[in-house]
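# Chains, contacts and geometry: an overview
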Amino acid sequence: MTTQHALPSYLNPDDLGPWGVYLEQIERVTPHLGSLSRWVETLKRPKRILTVDVPIERDDGSIAHYEGYRVQHNMSRGPGKGGVRFHQDVTLSEVMALSAWMTVKNAAVNVPYGGAKGGIRVDPKTLSRNELQRLTRRYTSEISLIIGPNKDIPAPDVNTNEQVMAWMMDSYAMIEGNLSTGVVTGKPISLGGSLGRREATGRGVFVVGREAAAKRGVSIPGARVCIQGFGNVGGVAATMFAEAGSKVIAVQDHTGTVVNQGGLDVARLHQHVAECGSVTGFPGAEAFLDRDAFWGIESDILIPAALEQQITAANANIIRTKIILEGANGPTTPEADDILTDKDVLIVPDVLANAGGVTVSYFEWVQDFSSFFWSEDEINARLTRIMQEAFNAVWSVAQDKKVTLRTATFILACTRVLQAREVRGLYP
Ligand SMILES: NC(=O)c1ccc[n+]([C@@H]2O[C@H](COP(=O)([O-])OP(=O)(O)OC[C@H]3O[C@@H](n4cnc5c(N)ncnc54)[C@H](O)[C@@H]3O)[C@@H](O)[C@H]2O)c1
(Lines give C-alpha, C1' and ligand atoms only; values in the text may rest on other atoms or scores of the structure.)
Protein backbone atom coordinates (compact mmCIF):
# COMPACT_ATOMS: atom_id res chain seq x y z
CA MET A 1 0.00 0.00 0.00
CA THR A 2 2.67 2.46 1.02
CA THR A 3 4.70 1.79 -2.13
CA GLN A 4 1.95 3.50 -4.14
CA HIS A 5 3.39 6.86 -3.11
CA ALA A 6 6.01 8.49 -5.22
CA LEU A 7 8.83 7.88 -2.79
CA PRO A 8 11.88 10.08 -2.47
CA SER A 9 14.79 8.37 -4.22
CA TYR A 10 16.80 8.07 -0.99
CA LEU A 11 14.35 5.47 0.35
CA ASN A 12 14.28 1.79 -0.51
CA PRO A 13 10.63 0.94 -1.36
CA ASP A 14 11.17 -2.70 -0.31
CA ASP A 15 12.36 -1.78 3.15
CA LEU A 16 10.78 1.43 4.40
CA GLY A 17 11.29 0.60 8.07
CA PRO A 18 9.51 2.87 10.60
CA TRP A 19 8.84 5.46 7.87
CA GLY A 20 6.61 2.84 6.19
CA VAL A 21 4.62 2.48 9.42
CA TYR A 22 4.15 6.25 9.57
CA LEU A 23 3.06 6.43 5.90
CA GLU A 24 0.44 3.79 6.56
CA GLN A 25 -0.88 5.80 9.50
CA ILE A 26 -1.19 8.82 7.19
CA GLU A 27 -3.11 6.66 4.68
CA ARG A 28 -5.59 5.86 7.43
CA VAL A 29 -6.18 9.48 8.42
CA THR A 30 -6.44 10.92 4.90
CA PRO A 31 -10.13 10.04 4.29
CA HIS A 32 -11.00 12.03 7.43
CA LEU A 33 -9.25 15.26 6.44
CA GLY A 34 -11.91 16.66 4.11
CA SER A 35 -10.69 19.46 1.85
CA LEU A 36 -7.40 19.62 3.77
CA SER A 37 -6.43 16.28 2.19
CA ARG A 38 -5.29 18.42 -0.74
CA TRP A 39 -2.23 19.21 1.40
CA VAL A 40 -1.60 15.70 2.74
CA GLU A 41 1.45 15.08 0.55
CA THR A 42 3.26 17.64 2.69
CA LEU A 43 3.08 15.16 5.59
CA LYS A 44 4.68 12.41 3.48
CA ARG A 45 7.84 14.40 2.77
CA PRO A 46 10.17 15.75 5.45
CA LYS A 47 10.80 19.45 4.95
CA ARG A 48 14.55 19.14 5.48
CA ILE A 49 17.04 16.32 6.04
CA LEU A 50 20.62 16.91 7.09
CA THR A 51 23.04 13.98 7.04
CA VAL A 52 26.37 14.65 8.70
CA ASP A 53 29.66 12.87 9.17
CA VAL A 54 30.79 13.06 12.79
CA PRO A 55 34.51 12.32 13.13
CA ILE A 56 36.16 12.14 16.56
CA GLU A 57 39.58 11.26 17.89
CA ARG A 58 39.31 8.17 20.10
CA ASP A 59 41.21 8.03 23.38
CA ASP A 60 43.75 5.66 21.78
CA GLY A 61 44.58 8.26 19.09
CA SER A 62 42.66 6.59 16.26
CA ILE A 63 40.00 8.48 14.25
CA ALA A 64 36.43 7.18 14.15
CA HIS A 65 33.57 8.38 11.93
CA TYR A 66 29.87 8.16 12.82
CA GLU A 67 26.75 8.82 10.78
CA GLY A 68 24.51 11.60 12.15
CA TYR A 69 21.16 13.06 11.16
CA ARG A 70 18.82 15.93 11.90
CA VAL A 71 15.45 15.74 10.18
CA GLN A 72 12.94 18.60 10.26
CA HIS A 73 9.72 16.98 9.19
CA ASN A 74 7.30 19.89 9.32
CA MET A 75 7.50 23.46 10.62
CA SER A 76 4.12 24.83 9.64
CA ARG A 77 3.08 25.44 13.27
CA GLY A 78 6.39 26.52 14.77
CA PRO A 79 10.09 25.68 15.11
CA GLY A 80 11.20 22.05 14.92
CA LYS A 81 11.17 20.10 18.18
CA GLY A 82 12.32 16.58 18.89
CA GLY A 83 14.93 14.47 20.61
CA VAL A 84 18.37 13.19 19.70
CA ARG A 85 19.01 9.44 19.86
CA PHE A 86 22.39 7.75 20.16
CA HIS A 87 21.95 4.13 19.10
CA GLN A 88 23.83 1.68 16.91
CA ASP A 89 20.67 0.90 14.88
CA VAL A 90 19.72 4.51 14.03
CA THR A 91 18.78 4.83 10.35
CA LEU A 92 17.49 7.67 8.21
CA SER A 93 14.10 5.94 7.94
CA GLU A 94 13.90 5.77 11.73
CA VAL A 95 14.83 9.43 12.27
CA MET A 96 12.36 10.48 9.56
CA ALA A 97 9.54 8.54 11.23
CA LEU A 98 10.42 9.85 14.68
CA SER A 99 10.47 13.42 13.34
CA ALA A 100 7.06 12.95 11.72
CA TRP A 101 5.59 11.51 14.92
CA MET A 102 6.87 14.66 16.66
CA THR A 103 4.88 16.80 14.18
CA VAL A 104 1.75 14.83 15.05
CA LYS A 105 2.47 14.76 18.80
CA ASN A 106 3.15 18.49 19.11
CA ALA A 107 -0.05 19.28 17.25
CA ALA A 108 -2.02 16.71 19.30
CA VAL A 109 -1.22 18.46 22.58
CA ASN A 110 -1.32 21.82 20.79
CA VAL A 111 2.16 23.07 21.68
CA PRO A 112 3.45 25.59 19.10
CA TYR A 113 6.11 23.42 17.46
CA GLY A 114 6.72 21.53 14.28
CA GLY A 115 8.35 18.09 14.31
CA ALA A 116 12.05 17.22 14.16
CA LYS A 117 14.40 14.49 15.35
CA GLY A 118 18.08 13.69 15.33
CA GLY A 119 20.36 10.79 15.90
CA ILE A 120 23.82 9.32 15.65
CA ARG A 121 24.43 5.74 14.59
CA VAL A 122 26.64 4.79 17.53
CA ASP A 123 26.56 2.54 20.56
CA PRO A 124 27.48 5.07 23.25
CA LYS A 125 28.42 2.24 25.64
CA THR A 126 31.51 1.70 23.50
CA LEU A 127 32.72 5.27 24.11
CA SER A 128 34.44 6.83 27.11
CA ARG A 129 32.88 9.92 28.68
CA ASN A 130 35.39 12.17 26.91
CA GLU A 131 34.75 10.47 23.57
CA LEU A 132 31.00 10.91 24.09
CA GLN A 133 31.54 14.59 24.81
CA ARG A 134 33.65 15.04 21.66
CA LEU A 135 31.01 13.19 19.60
CA THR A 136 28.18 15.34 21.00
CA ARG A 137 30.06 18.60 20.44
CA ARG A 138 31.07 17.75 16.86
CA TYR A 139 27.53 16.60 16.03
CA THR A 140 26.13 19.86 17.46
CA SER A 141 28.59 21.86 15.42
CA GLU A 142 27.58 19.97 12.24
CA ILE A 143 23.84 20.52 12.79
CA SER A 144 24.24 24.07 14.16
CA LEU A 145 23.42 25.29 10.64
CA ILE A 146 19.79 24.41 11.15
CA ILE A 147 19.09 24.37 14.91
CA GLY A 148 18.45 27.34 17.21
CA PRO A 149 15.96 28.56 19.84
CA ASN A 150 13.59 29.82 17.14
CA LYS A 151 14.46 27.24 14.48
CA ASP A 152 14.71 23.75 15.90
CA ILE A 153 15.16 22.70 19.53
CA PRO A 154 16.64 19.24 20.29
CA ALA A 155 16.00 17.29 23.53
CA PRO A 156 17.01 13.92 25.03
CA ASP A 157 15.86 10.59 23.63
CA VAL A 158 17.22 7.05 23.91
CA ASN A 159 20.77 7.07 25.36
CA THR A 160 20.99 10.86 25.64
CA ASN A 161 20.46 12.75 28.87
CA GLU A 162 20.85 16.06 30.72
CA GLN A 163 24.64 15.96 30.39
CA VAL A 164 24.46 15.49 26.63
CA MET A 165 22.02 18.43 26.44
CA ALA A 166 24.42 20.58 28.51
CA TRP A 167 27.26 19.79 26.06
CA MET A 168 24.99 20.58 23.10
CA MET A 169 23.94 23.89 24.63
CA ASP A 170 27.51 24.84 25.44
CA SER A 171 28.76 23.95 21.94
CA TYR A 172 25.98 26.00 20.35
CA ALA A 173 26.71 28.92 22.71
CA MET A 174 30.41 28.82 21.76
CA ILE A 175 29.54 28.87 18.03
CA GLU A 176 26.99 31.69 18.40
CA GLY A 177 29.02 33.70 20.89
CA ASN A 178 26.19 34.07 23.36
CA LEU A 179 24.41 31.96 25.96
CA SER A 180 21.41 30.28 24.32
CA THR A 181 19.70 28.17 26.95
CA GLY A 182 16.60 27.85 24.73
CA VAL A 183 18.45 25.90 22.00
CA VAL A 184 17.85 22.54 23.72
CA THR A 185 15.48 21.28 26.42
CA GLY A 186 15.92 18.54 28.96
CA LYS A 187 18.91 20.46 30.38
CA PRO A 188 20.17 20.20 33.97
CA ILE A 189 18.30 22.45 36.42
CA SER A 190 21.55 24.39 37.00
CA LEU A 191 21.55 25.38 33.32
CA GLY A 192 18.00 26.54 32.66
CA GLY A 193 16.37 23.11 32.86
CA SER A 194 12.85 22.74 34.17
CA LEU A 195 11.69 21.04 37.32
CA GLY A 196 9.62 17.99 36.44
CA ARG A 197 11.13 17.52 32.95
CA ARG A 198 12.90 14.25 33.75
CA GLU A 199 9.70 12.66 35.01
CA ALA A 200 7.38 14.36 32.50
CA THR A 201 7.02 11.60 29.90
CA GLY A 202 6.37 8.87 32.47
CA ARG A 203 3.98 11.17 34.34
CA GLY A 204 2.09 11.89 31.11
CA VAL A 205 1.83 8.14 30.42
CA PHE A 206 0.34 7.72 33.87
CA VAL A 207 -2.13 10.60 33.44
CA VAL A 208 -3.53 9.29 30.14
CA GLY A 209 -3.47 5.78 31.63
CA ARG A 210 -5.74 6.96 34.42
CA GLU A 211 -8.12 8.54 31.89
CA ALA A 212 -8.15 5.42 29.71
CA ALA A 213 -8.68 3.17 32.74
CA ALA A 214 -11.73 5.25 33.78
CA LYS A 215 -13.20 4.82 30.28
CA ARG A 216 -12.54 1.07 30.34
CA GLY A 217 -13.75 0.49 33.91
CA VAL A 218 -10.30 -0.59 35.11
CA SER A 219 -9.47 0.40 38.68
CA ILE A 220 -5.93 1.84 38.98
CA PRO A 221 -5.48 0.54 42.54
CA GLY A 222 -4.85 -3.17 42.07
CA ALA A 223 -4.44 -2.98 38.27
CA ARG A 224 -1.80 -5.41 36.92
CA VAL A 225 0.77 -3.48 34.89
CA CYS A 226 3.49 -4.89 32.59
CA ILE A 227 6.23 -2.59 31.30
CA GLN A 228 8.83 -3.04 28.56
CA GLY A 229 11.72 -0.62 29.15
CA PHE A 230 12.80 0.61 32.56
CA GLY A 231 14.59 3.81 31.52
CA ASN A 232 13.39 7.36 31.75
CA VAL A 233 9.87 6.63 30.49
CA GLY A 234 9.18 3.10 31.74
CA GLY A 235 10.95 3.61 35.07
CA VAL A 236 8.98 6.73 35.97
CA ALA A 237 5.68 5.26 34.76
CA ALA A 238 6.39 2.18 36.94
CA THR A 239 6.92 4.37 40.00
CA MET A 240 3.76 6.39 39.40
CA PHE A 241 1.54 3.34 38.86
CA ALA A 242 3.03 1.64 41.93
CA GLU A 243 2.45 4.79 44.03
CA ALA A 244 -1.17 4.83 42.86
CA GLY A 245 -1.63 1.26 44.14
CA SER A 246 -1.24 -0.68 40.89
CA LYS A 247 0.78 -3.90 40.85
CA VAL A 248 3.71 -3.73 38.44
CA ILE A 249 3.90 -7.47 37.78
CA ALA A 250 6.50 -7.63 34.98
CA VAL A 251 9.32 -5.46 33.71
CA GLN A 252 11.51 -6.19 30.70
CA ASP A 253 14.68 -4.37 29.70
CA HIS A 254 17.34 -5.11 27.07
CA THR A 255 18.73 -7.95 29.20
CA GLY A 256 15.63 -9.86 30.31
CA THR A 257 12.26 -9.95 32.08
CA VAL A 258 11.48 -10.00 35.81
CA VAL A 259 8.05 -11.09 37.04
CA ASN A 260 6.27 -11.02 40.39
CA GLN A 261 2.52 -11.62 40.28
CA GLY A 262 2.22 -10.07 43.75
CA GLY A 263 3.76 -6.84 42.41
CA LEU A 264 7.45 -5.98 42.06
CA ASP A 265 8.91 -3.59 44.62
CA VAL A 266 9.53 -0.78 42.11
CA ALA A 267 11.71 1.36 44.41
CA ARG A 268 14.00 -1.64 45.08
CA LEU A 269 14.04 -2.48 41.37
CA HIS A 270 15.28 1.07 40.65
CA GLN A 271 18.05 0.58 43.20
CA HIS A 272 18.99 -2.77 41.63
CA VAL A 273 19.16 -1.22 38.13
CA ALA A 274 21.26 1.68 39.45
CA GLU A 275 23.72 -0.79 40.99
CA CYS A 276 23.73 -3.59 38.39
CA GLY A 277 22.82 -1.77 35.16
CA SER A 278 19.80 -3.96 34.35
CA VAL A 279 16.74 -5.68 35.86
CA THR A 280 18.24 -9.15 35.46
CA GLY A 281 19.05 -10.88 38.74
CA PHE A 282 16.62 -8.75 40.79
CA PRO A 283 16.15 -10.66 44.06
CA GLY A 284 12.51 -9.50 44.41
CA ALA A 285 11.37 -11.39 41.29
CA GLU A 286 9.69 -14.79 41.36
CA ALA A 287 10.45 -15.59 37.72
CA PHE A 288 12.83 -14.59 34.94
CA LEU A 289 11.43 -15.03 31.46
CA ASP A 290 12.84 -14.90 27.98
CA ARG A 291 12.11 -11.97 25.73
CA ASP A 292 9.08 -13.26 23.82
CA ALA A 293 7.27 -14.76 26.83
CA PHE A 294 6.87 -11.24 28.25
CA TRP A 295 4.11 -10.48 25.73
CA GLY A 296 1.98 -13.41 26.90
CA ILE A 297 1.71 -12.28 30.55
CA GLU A 298 -1.90 -11.42 31.41
CA SER A 299 -2.35 -7.83 32.60
CA ASP A 300 -4.77 -4.91 32.76
CA ILE A 301 -2.32 -2.35 31.40
CA LEU A 302 0.67 -2.98 29.12
CA ILE A 303 3.23 -0.23 28.57
CA PRO A 304 5.80 -0.63 25.77
CA ALA A 305 8.45 1.96 26.75
CA ALA A 306 11.60 0.78 24.94
CA LEU A 307 11.97 0.92 21.16
CA GLU A 308 9.79 0.91 18.05
CA GLN A 309 8.20 -2.09 16.28
CA GLN A 310 8.04 -4.30 19.37
CA ILE A 311 4.37 -5.32 19.05
CA THR A 312 3.97 -6.96 15.66
CA ALA A 313 1.70 -9.44 13.86
CA ALA A 314 4.01 -12.12 15.33
CA ASN A 315 3.19 -11.43 19.00
CA ALA A 316 -0.07 -9.38 18.99
CA ASN A 317 -2.14 -12.56 19.20
CA ILE A 318 -0.65 -13.68 22.50
CA ILE A 319 -1.15 -10.31 24.22
CA ARG A 320 -3.79 -10.49 26.96
CA THR A 321 -4.43 -6.99 28.28
CA LYS A 322 -7.16 -4.34 28.34
CA ILE A 323 -5.20 -1.17 27.74
CA ILE A 324 -1.90 -0.46 25.95
CA LEU A 325 -0.17 2.82 26.77
CA GLU A 326 2.51 3.51 24.17
CA GLY A 327 5.34 5.11 26.13
CA ALA A 328 7.83 4.33 23.34
CA ASN A 329 7.59 5.89 19.91
CA GLY A 330 6.19 3.59 17.23
CA PRO A 331 6.08 0.37 19.30
CA THR A 332 3.08 -1.13 17.42
CA THR A 333 2.98 -1.99 13.72
CA PRO A 334 -0.26 -1.28 11.78
CA GLU A 335 -0.96 -5.05 11.45
CA ALA A 336 -0.63 -5.50 15.21
CA ASP A 337 -2.81 -2.43 15.71
CA ASP A 338 -5.61 -4.11 13.75
CA ILE A 339 -5.23 -7.45 15.56
CA LEU A 340 -5.39 -5.78 18.98
CA THR A 341 -8.29 -3.50 18.04
CA ASP A 342 -10.22 -6.61 16.92
CA LYS A 343 -9.46 -8.09 20.35
CA ASP A 344 -10.97 -4.95 21.93
CA VAL A 345 -7.69 -3.75 23.42
CA LEU A 346 -7.74 0.03 23.94
CA ILE A 347 -4.48 1.48 22.56
CA VAL A 348 -3.49 4.98 23.65
CA PRO A 349 -1.04 5.86 20.86
CA ASP A 350 2.49 7.18 21.34
CA VAL A 351 1.65 10.53 19.75
CA LEU A 352 -0.67 11.14 22.69
CA ALA A 353 0.56 8.88 25.52
CA ASN A 354 4.19 10.02 25.54
CA ALA A 355 3.57 13.71 24.79
CA GLY A 356 4.23 14.69 28.42
CA GLY A 357 7.95 15.03 27.73
CA VAL A 358 7.61 17.54 24.94
CA THR A 359 4.94 19.39 26.89
CA VAL A 360 7.32 20.07 29.77
CA SER A 361 10.10 20.75 27.22
CA TYR A 362 7.78 23.48 25.96
CA PHE A 363 7.45 24.78 29.54
CA GLU A 364 11.26 24.73 29.84
CA TRP A 365 11.67 26.73 26.61
CA VAL A 366 9.07 29.29 27.74
CA GLN A 367 10.79 29.61 31.14
CA ASP A 368 14.21 30.06 29.45
CA PHE A 369 12.89 32.85 27.22
CA SER A 370 11.31 34.70 30.13
CA SER A 371 14.12 33.80 32.61
CA PHE A 372 11.38 33.13 35.13
CA PHE A 373 11.07 29.65 36.58
CA TRP A 374 7.95 27.90 37.82
CA SER A 375 7.46 25.61 40.80
CA GLU A 376 7.28 21.85 40.29
CA ASP A 377 3.65 21.80 41.47
CA GLU A 378 2.76 24.40 38.88
CA ILE A 379 4.49 22.40 36.15
CA ASN A 380 2.86 19.11 37.11
CA ALA A 381 -0.58 20.72 37.36
CA ARG A 382 -0.24 22.33 33.90
CA LEU A 383 1.09 19.08 32.44
CA THR A 384 -1.78 17.08 33.91
CA ARG A 385 -4.34 19.53 32.54
CA ILE A 386 -2.88 19.48 29.01
CA MET A 387 -2.67 15.67 28.92
CA GLN A 388 -6.23 15.23 30.25
CA GLU A 389 -7.64 17.76 27.78
CA ALA A 390 -5.78 16.17 24.87
CA PHE A 391 -6.96 12.68 25.86
CA ASN A 392 -10.57 13.79 26.14
CA ALA A 393 -10.48 15.71 22.84
CA VAL A 394 -9.10 12.60 21.13
CA TRP A 395 -11.66 10.38 22.85
CA SER A 396 -14.52 12.57 21.52
CA VAL A 397 -13.19 12.40 17.95
CA ALA A 398 -12.80 8.61 18.25
CA GLN A 399 -16.40 8.23 19.43
CA ASP A 400 -17.72 10.64 16.85
CA LYS A 401 -15.92 9.13 13.84
CA LYS A 402 -15.88 5.54 15.15
CA VAL A 403 -12.12 5.24 14.73
CA THR A 404 -9.25 4.11 16.96
CA LEU A 405 -7.57 6.55 19.35
CA ARG A 406 -4.56 6.54 17.01
CA THR A 407 -6.54 7.62 13.98
CA ALA A 408 -8.46 10.12 16.13
CA THR A 409 -5.19 11.66 17.35
CA PHE A 410 -3.92 11.85 13.77
CA ILE A 411 -7.22 13.49 12.67
CA LEU A 412 -6.94 16.19 15.35
CA ALA A 413 -3.24 16.77 14.84
CA CYS A 414 -3.03 16.59 11.04
CA THR A 415 -6.00 18.96 10.80
CA ARG A 416 -4.11 21.50 12.92
CA VAL A 417 -0.91 21.09 10.88
CA LEU A 418 -2.62 21.30 7.50
CA GLN A 419 -4.82 24.25 8.53
CA ALA A 420 -1.61 26.11 9.37
CA ARG A 421 -0.12 25.01 6.04
CA GLU A 422 -3.18 26.24 4.17
CA VAL A 423 -3.44 29.67 5.79
CA ARG A 424 0.29 30.25 5.39
CA GLY A 425 0.12 29.32 1.71
CA LEU A 426 3.03 28.12 -0.39
CA TYR A 427 6.14 30.26 -0.74
CA PRO A 428 6.85 31.88 -3.18
N1 LIG B 1 12.71 10.37 27.31
C2 LIG B 1 11.64 11.02 26.87
O3 LIG B 1 11.30 12.10 27.35
C4 LIG B 1 10.79 10.40 25.79
C5 LIG B 1 9.70 11.13 25.34
C6 LIG B 1 8.84 10.56 24.39
C7 LIG B 1 9.11 9.29 23.92
N8 LIG B 1 10.20 8.61 24.36
C9 LIG B 1 10.40 7.26 23.82
O10 LIG B 1 10.35 6.30 24.87
C11 LIG B 1 11.18 5.20 24.56
C12 LIG B 1 12.17 4.99 25.70
O13 LIG B 1 12.90 6.19 25.90
P14 LIG B 1 13.72 6.48 27.24
O15 LIG B 1 14.04 7.92 27.23
O16 LIG B 1 12.99 5.87 28.39
O17 LIG B 1 15.04 5.65 26.96
P18 LIG B 1 16.10 5.09 28.03
O19 LIG B 1 17.37 4.95 27.27
O20 LIG B 1 16.07 5.89 29.28
O21 LIG B 1 15.53 3.63 28.40
C22 LIG B 1 15.31 2.65 27.43
C23 LIG B 1 14.90 1.37 28.16
O24 LIG B 1 14.51 0.39 27.17
C25 LIG B 1 15.22 -0.83 27.42
N26 LIG B 1 15.44 -1.53 26.16
C27 LIG B 1 16.28 -1.18 25.16
N28 LIG B 1 16.24 -2.11 24.18
C29 LIG B 1 15.35 -3.04 24.59
C30 LIG B 1 14.87 -4.24 24.02
N31 LIG B 1 15.32 -4.66 22.83
N32 LIG B 1 13.96 -4.97 24.72
C33 LIG B 1 13.52 -4.55 25.92
N34 LIG B 1 13.94 -3.43 26.52
C35 LIG B 1 14.84 -2.68 25.84
C36 LIG B 1 16.50 -0.39 28.08
O37 LIG B 1 17.07 -1.47 28.81
C38 LIG B 1 16.01 0.73 28.98
O39 LIG B 1 15.46 0.17 30.17
C40 LIG B 1 11.81 5.53 23.21
O41 LIG B 1 10.98 4.99 22.19
C42 LIG B 1 11.73 7.05 23.16
O43 LIG B 1 11.74 7.54 21.83
C44 LIG B 1 11.04 9.12 25.29
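Since the model is a prediction, treat every value here as computed from it, not as a measurement.

### Remarks on the site of the ligand
Gly229, Gly231, Asp253, Ala328 and Gly357 are the nearest of the 23 residues found near the ligand. In terms of residues, the shell around the ligand owes the most to one element, helix H6 (residues 232-243), which gives three residues. Considering only residue class, the shell around the ligand consists of eight nonpolar, 13 polar and two charged. When we break the shell around the ligand down by domain, the ones giving at least three residues each are domain 1 (46-180) and domain 2 (199-353).

### Structural notes on the sheet that holds strand S3 (residues 80-87)
Pairing in this open sheet of five strands is mixed, and the strands run S1-S2-S4-S3-S5 from one edge to the other. In this open sheet, the two strands that pair with only one neighbour each are strand S1 (48-57) and strand S5 (152-156). When strand polarity is set aside, the average angle formed by the axes of neighbouring strands in this sheet is 20°. Here strand S2 (residues 63-74) pairs with strand S4 (residues 115-121) via six bridges, running antiparallel. Among the inter-strand pairings, Tyr69 is bridged to a residue of S4, identified as Gly119. The strands touched by helix H3 (residues 129-143) within the sheet are S1, S2 and S4, with S1 carrying the most contacts at an inclination of about 145°.

### Things to note about the packing of helix H1 (residues 18-29) against helix H2 (residues 92-108)
Two elements in contact, H1 and H2, have axes whose closest approach is 7 Å; the angle formed by their N-to-C orientations is 35°. Residues Pro18, Trp19, Val21 and Tyr22 of H1 pack against Ser93, Glu94, Met96, Ala97, Ala100 and Trp101 of H2. The residue makeup of the contact of H1 with H2, split by class, is eight nonpolar, one polar and one charged.

### Topic: the pairing of S1
Bridge count for S1 against S2 is 10 bridges, and the pairing is antiparallel. Opposite Glu57, over in S2, you have Ile63 as the bridge partner. From the end of S1 to the start of S2, which pair antiparallel, there are five residues, and Gly61 there has a positive phi angle of about 95°.

### So, the environment of Arg38
Note that Arg38 resides in the loop between H1 and S1. Sequence separation between Arg38 and Ala250 is 212 residues, and the spatial gap between their C-alpha atoms is 46 Å.

### Here we look at the environment of Ser93
Mapped onto the secondary structure, Ser93 falls in helix H2. Overall, Ser93 belongs to the partly exposed group, with 19 C-beta atoms counted inside 10 Å. Here the alpha-carbon distance between Ser93 and Ala166, two residues 73 residues apart in the chain, equals 27 Å. When residues no more than four places from it in sequence are discounted, the contact partners of Ser93 are Leu11, Leu16, Gly17, Pro18 and Trp19.

### Things to note about the packing of H1 against helix H12 (residues 405-424)
Between H1 and H12, whose axes approach to 9 Å, the crossing angle comes to 80°. It follows from the interaxial angle that H1 and H12 lie roughly perpendicular. Contacts from Gln25, Arg28 and Val29 of H1 reach H12 at Arg406, Thr407, Phe410, Ile411 and Cys414. The class makeup of the residues in the contact of H1 with H12 is four nonpolar, two polar and two charged.

### Things to note about helix H7 (residues 266-276)
Along H7, the residues that are buried comprise Val266, Leu269 and His272. Burial along H7 is one-sided: seen end-on, the buried residues are contained in an arc of 110°. Facing away from the buried side of H7, by more than 90 degrees, are the exposed residues Ala267, Arg268, Gln271, Ala274 and Glu275. Taken together, the buried residues of H7 touch H6 and strand S7 (247-252). In the segment just after H7, Gly277 is the residue with positive phi, at about 85°.

### With respect to the UniProt feature "site: Important for catalysis" (unreviewed entry) in the protein
In the numbering adopted here, UniProt assigns the feature "site: Important for catalysis" (unreviewed entry) to Asp157. The class of Asp157 is buried, set by 22 C-beta atoms lying within 10 Å. Dropping the residues within four chain positions of it, Asp157 is found in contact with Gly83, Val84 and Arg85.

### Re H2
Compared with an ideal rise of 1.5 Å per residue, which puts 17 residues at 24 Å, H2 spans 24 Å between its outermost C-alpha atoms and is within 8% of the ideal. Positive phi shows up at Asn110, right after H2, with a value of about 60°.

### Examining the UniProt feature "binding site: substrate" (unreviewed entry) in the protein
Taking the numbering used here, the UniProt-annotated feature "binding site: substrate" (unreviewed entry) corresponds to Lys81, Lys105 and Ser361. A compact arrangement is adopted by the annotated residues: their sequence extent is 281 residues, whereas the largest C-alpha distance between any two is 12.8 Å. If you trace the backbone, Lys81 turns up in strand S3. Residue Lys81 is classed as buried on the basis of its 29 C-beta neighbours within 10 Å. Apart from the residues lying within four places of it in its own chain, the contact partners of Lys81 are Met102, Asn106, Tyr113, Gly114, Gly115, Ala116, Ile153, Val358 and Ser361. Summarising the element assignment, Ser361 is placed in helix H10 (residues 356-370).

The rules behind these values
- Residues numbered from 1 in each chain as written.
- Predicted model: local features only at pLDDT ≥ 70, side-chain atom pairs only at ≥ 80, totals over all residues.
- Near = placed C-beta within 6 Å.
- Helix = DSSP H or I, 4+ residues; strand = E, 2+ residues; numbered from the N terminus.
- Nonpolar A, V, L, I, M, F, W, Y, C, P; charged D, E, K, R; others polar.
- Domains from an automatic or database assignment.
- Pairing = 2+ DSSP bridges.
- Axes fitted to C-alpha atoms, helices over the stretch in contact; angles between N-to-C directions.
- Contact = placed C-beta atoms within 7 Å.
- Buried ≥ 20, exposed ≤ 12 C-beta atoms within 10 Å, placed from the backbone.
- Parallel < 35°, antiparallel > 145°, perpendicular 65-115°, else oblique.
- Arc of directions from axis to C-beta.
- UniProt positions renumbered as here; feature names shortened; annotations may be inferred.
- Expected span 1.5 Å × (residues − 1).

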